[in-house]
Amino acid sequence: MKNQVFIYFIVVSVVFSACSQQKRSSGDKTETSTAIAASGPDAIIYKTKANYNTLVPVILNEEKTKIVSFPAPGDLLYKGKPALPTLLADSFLLDNRGINQHVAFLNITYGEYMALDATPAAEDLMDMIIDDDPLLVMYNCGKRQKFKNEVRELNALILENGLGKCNKLK
């Protein structure tokens, strides 16, 4: 009798496990592919007070007293090229580096930084900051993957005053 209960428990467990892992379709997408599509970088667009497009960004704490995130020289590539921001309509930029509203810019270009032999210490980078409040405005427009033609669609949001669909960060 104990063996029959044990076997019954195993069979029921396997059946429930298989049912819970079965893909539930919604059109051509499954829940699994939706979860994967929801990951990845956000489309962060912003404007700066000056042209910092070629300068290396770092992330400061809220008090702007220390650097909490900075790249190694080899981390400044995006799709095999320097992760410079993409120019959009109305002087907006699309982030390709992973910045947020606590960004600051260093007095060194991507090319100069990538040529360094070693990653500078955070304390040394603090002395290289030329603007610790460079943003005029910043928006998060959702996951980049949702845009088939990223530049064209983001420009349309900007030019058609569709930024209300984006989350204003600053």
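The structure under discussion appears in the preceding block.
Below is a summary of the structure that appears in this document. Computed from a predicted model, the values in this text were never measured in an experiment.

1. Quick word on the overall build of the protein
Line of reasoning, step 1. Check the secondary structure of the protein and you find five helices and 13 strands.
Line of reasoning, step 2. Buried positions account for 34% of the 170 residues belonging to the protein.
Line of reasoning, step 3. Counted over contacts in the protein with a minimum sequence separation of 6, partners at least 24 positions apart contribute 77%.
Line of reasoning, step 4. Taken as a whole, the protein presents about 10,800 Å² of accessible surface, with 54% of it coming from carbon and sulfur.

2. Some points on the packing of aromatic side chains
Line of reasoning, step 1. Summed over all chains, the structure comprises two aromatic pairs.
Line of reasoning, step 2. Taken together, a centroid distance of 5.0 Å and an interplanar angle of 15 degrees make the contact between Tyr52 and Phe105 stacked. Taken together, the positions of Tyr52 in the loop between strand S3 (42–48) and strand S4 (55–60) and Phe105 in strand S10 (residues 103–109) put the pair 53 residues apart, joining distant regions of the chain.
Line of reasoning, step 3. Taking relative accessible area as the criterion, Tyr52 reaches 10% and is therefore assigned buried.
Line of reasoning, step 4. With a relative accessible area of 3%, Phe105 lands in the buried category.

3. A short note on the pairing of S10
Line of reasoning, step 1. Of all seven residues in S10, five are buried, a share of seventy percent or more.
Line of reasoning, step 2. Sheet analysis places S4 next to S10, joined by four bridges and oriented antiparallel. Bridge pairing in S10 places Val58 opposite Ala104.
Line of reasoning, step 3. Taken together, the two bridges between S10 and strand S11 (residues 129–131) define a ladder with antiparallel strand orientation. Among the inter-strand pairings, Phe105 is bridged to a residue of S11, identified as Asp131.

4. Concerning the nonpolar core
Line of reasoning, step 1. Ile45, Phe92, Tyr139, Cys141, Leu154 and Leu163 are the most contacted members of the largest nonpolar core, which totals 15 residues.
Line of reasoning, step 2. Residues in contact with Leu154, not counting those within four places in the same chain, are Ala43, Ile45, Leu88, Leu94, Cys141 and Phe147.
Line of reasoning, step 3. Formed by 13 residues, the second largest nonpolar core is a distinct cluster that contains Leu76, Ile108, Tyr113 and Met128.

5. Overview of the pattern of salt bridges
Line of reasoning, step 1. All chains considered together, the criterion is met by six salt bridges.
Line of reasoning, step 2. Between Lys143 and Asp42 there is a salt bridge, with its nearest N and O atoms 3.0 Å apart. Placement of Lys143 in strand S12 (residues 135–143) and of Asp42 in strand S3 is noted, with a sequence separation of 101 residues between them.
Line of reasoning, step 3. In this structure Lys143 comes out as partly exposed when scored by relative accessible area, which is 28%.
Line of reasoning, step 4. Salt bridges linked by common partners bring Lys49, Lys64, Asp133 and Lys170 together as one network.

6. A word on the sheet that holds S11
Line of reasoning, step 1. Judged by pairing direction, the sheet is antiparallel, and its four strands sit side by side in the order S5-S4-S10-S11 without closing on themselves. Each edge of the open sheet is held by one strand with a lone partner, namely strand S5 (67–69) and S11. Each strand of the sheet is rotated relative to its neighbour by a mean of 55 degrees, with strand direction disregarded.

7. So, the sheet that holds S3
Line of reasoning, step 1. Ordered by their spatial adjacency, five strands build an open sheet running S8-S9-S3-S12-S13, and the pairing between neighbours is antiparallel. Each edge of the sheet is formed by a strand with only one pairing partner; in this case those strands are strand S8 (86–87) and strand S13 (167–168).
Line of reasoning, step 2. In the sheet, S3 pairs with S12 via six bridges, with the strands oriented antiparallel. Of the residues in S12, the one forming a bridge with Thr48 is Leu135.

What counts, and where the lines are drawn
- Residues numbered from 1 in each chain as written.
- Predicted model: local features only at pLDDT ≥ 70, side-chain atom pairs only at ≥ 80, totals over all residues.
- Heavy atoms only, no water.
- Helix = DSSP H or I, 4+ residues; strand = E, 2+ residues; numbered from the N terminus.
- Buried < 20%, exposed > 50% of the residue type's maximum accessible area, 1.4 Å probe, protein only.
- Contact = heavy atoms within 4.5 Å.
- Areas by Shrake-Rupley, 256 points an atom, 1.4 Å probe, with all protein chains shown as cover.
- Phe/Tyr/Trp six-rings, centres within 6.5 Å; stacked < 30°, edge-to-face > 60°.
- Pairing = 2+ DSSP bridges.
- Core = buried A, V, L, I, M, F, W, Y, C linked by side-chain atoms within 4.5 Å.
- Salt bridge = Lys/Arg side-chain N within 4 Å of Asp/Glu carboxyl O.
- Axes fitted to C-alpha atoms, helices over the stretch in contact; angles between N-to-C directions.

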